[in-house]
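# Descriptive analysis of the structure
Below, each chain spelled out in residue letters.
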Amino acid sequence: TFFRLTAKNKETFGPAKMLSKKRAETIKYYLQSKRITDDRIETEGHGGSQMLYPNNHPLAFKNKRVEIEILAD
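Below is a short write-up of the structure.

Rules behind the numbers
Residues numbered from 1 in each chain as written. Predicted model: local features only at pLDDT ≥ 70, side-chain atom pairs only at ≥ 80, totals over all residues. Heavy atoms only, no water. Helix = DSSP H or I, 4+ residues; strand = E, 2+ residues; numbered from the N terminus. Buried < 20%, exposed > 50% of the residue type's maximum accessible area, 1.4 Å probe, protein only. Contact = heavy atoms within 4.5 Å. Areas by Shrake-Rupley, 256 points an atom, 1.4 Å probe, with all protein chains shown as cover. Polar contact = N/O pair within 3.5 Å; in protein donor to acceptor, adjacent residues only side chain to side chain. Salt bridge = Lys/Arg side-chain N within 4 Å of Asp/Glu carboxyl O.

### Notes on the overall build of the chain
In terms of helices and strands, the chain carries 1 helix and 0 strands. For the chain, with 73 residues in total, the buried portion stands at 11%. Of the contacts made within the chain by residues no fewer than 6 positions apart, 49% connect residues no fewer than 24 positions apart. Total accessible area on the chain stands at roughly 6600 Å², and carbon and sulfur atoms take up 53% of it.

Here you go:
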């Protein structure tokens, strides 16, 4: 599975932007496995620059997310 946390893919620290990019790349690999071609997928990592909630907010865990935007058929 693509989303299982294992010792091999677990990172406990690192710059937020790097972790954000890796999160997006994981989703990209998943979509490719479902036969969506590479030329239809773009990824970005924003780190802490586009947070939904401040770090001290009870819902701050929702800042760790992947957003998917479908542009065309």
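### A closer look at the side chain of K28
Positionally, K28 belongs in helix α1 (residues 16-33). The exposure class of K28 is buried, given its relative accessible area of 16%. What K28 contacts, discounting residues up to four positions off in sequence, is D38, I41 and T43.

### With respect to the environment of E67
With respect to the secondary-structure elements, E67 resides in the segment after α1. Between the alpha carbons of E67 and T43 there is a distance of 9.8 Å; along the sequence they are 24 residues apart. Within the structure, E67 has its side chain in polar contact with the side chain of R65 (distance 2.7 Å).

### Considering the pattern of salt bridges
Summed over the entire model, instances satisfying the criterion amount to 2 salt bridges. As a salt-bridge pair, D38 and K28 come within 3.0 Å of each other at their nearest N and O atoms. Taken together, the residues span a long stretch of sequence, with D38 in the segment after α1 and K28 in helix α1 at a distance of 10 residues. By relative accessible area, D38 is classed as partly exposed at 44%. The partner of R65 in a salt bridge is E67, and the shortest N-O contact between them spans 2.7 Å. Here R65 falls in the partly exposed class, since its relative accessible area comes to 25%.

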